[in-house]
Amino acid sequence: MFKFNFNAEELDESITNENEHQIVETEELTNPNTFTTLPFTELCIGGNSLKLIHEFPNSYNSDLIPGTYEGGFKLWECTLDLLEYLSNNTMYCREKSVLDLGCGTGLLGIFTLISGAQNVDFQDFNKDVLTNTTMSNVLINCKERLKVCKYYSGDWKSFTTFNEDTYDLILTSETIYNVNNYTKLINLFEKKLKLSGSILLIAKNYYFGVGGSITEFLNCLKSSKLNADVVWTSTDGVKKTLLNIHF
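Rules behind the numbers
Residues numbered from 1 in each chain as written. Predicted model: local features only at pLDDT ≥ 70, side-chain atom pairs only at ≥ 80, totals over all residues. Heavy atoms only, no water. Phe/Tyr/Trp six-rings, centres within 6.5 Å; stacked < 30°, edge-to-face > 60°. Helix = DSSP H or I, 4+ residues; strand = E, 2+ residues; numbered from the N terminus. Buried < 20%, exposed > 50% of the residue type's maximum accessible area, 1.4 Å probe, protein only. Disulfide = S-S within 2.5 Å. Salt bridge = Lys/Arg side-chain N within 4 Å of Asp/Glu carboxyl O.

**A few points about the packing of aromatic side chains**
All chains considered together, the criterion is met by six aromatic pairs. Geometrically, the ring pair formed by Y182 and F217 is edge-to-face, given 5.5 Å between the ring centres and 90 degrees between the ring planes. Here Y182, found in helix α6 (residues 182–192), pairs with F217, found in helix α7 (residues 214–221); they are 35 residues apart in sequence, far enough to count as distant. As far as burial versus exposure is concerned, Y182 and F217 are alike and both buried.

**Notes on the state of the cysteines**
Throughout the structure, instances matching the rule amount to zero disulfides. Sulfur of C149: no disulfide; nearest cysteine sulfur belongs to C142 and is 6.8 Å away. According to the relative accessible area criterion, C149 is buried, its value standing at 1%.

**So, the pattern of salt bridges**
Applying the stated rule across the entire model yields seven salt bridges. The partner of K150 in a salt bridge is D165, and the shortest N-O contact between them spans 3.0 Å. One end of the pair, K150, is in strand β7 (residues 149–153); the other, D165, is in the loop between α5 (156–162) and β8 (167–173), with 15 residues separating them in the sequence. With its nearest N and O atoms 2.7 Å apart, the salt bridge here joins E174 to K204. A residue pair is termed long-range when its members are at least 10 positions apart, and E174 in the loop between β8 and α6 and K204 in strand β9 (residues 193–204) qualify at 30 residues. Of the two residues examined, E174 and K204, each falls in the buried class. Members of the salt-bridge network, linked through shared partners, are E77, D81, E174, K204 and K240.

Right under this line is the structure:
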């Protein structure tokens, strides 16, 4: 697992497994204007405008390669639904410590920063997603709040083991497509969520071809200390569900 602050002059490129980690601390952002002048798409969410940089292509040439690339360069549709929900429920964000889990573009965490979050940690499986996409989007949307952001790459098991922080709010979108990861995900939730906190998890009801589903995830959740409430479901198109998970 890697941990690093946004203002990186140089990043260590060594490879680690889930039982190892490396911390990279930095002091100063190099040439921030390089990022703020890149082309972007503007998304209108509630009364807020979010900018999504599109300069960096997906070097994996695939939406998903399990265990190698977990889809972070793509803006998945459930993320937009969760952004809309947050825009109408900003009480989740204000003065809260937030984890954007499987962050990809980072728009969920960015929205909470705009809405008054105390601090946000961004986690993604792939380091290059964080350095090429997440960080750029944070900078172009929230340049004045860089000091309250941290970034982690790696497996969920390593993140749970080596990150000692806990969170008021955990946001995660389309991360239950692989049933083999449910145990690690639920363990992370139990270790990283504050007793009074909430997890907002949104996903398609069923992932054809890979087997993950809301029903299967809820069945696994029953053996944990956590409970889940359905707070939103889609009314047309692909069926999607938003859960509020809590102790």
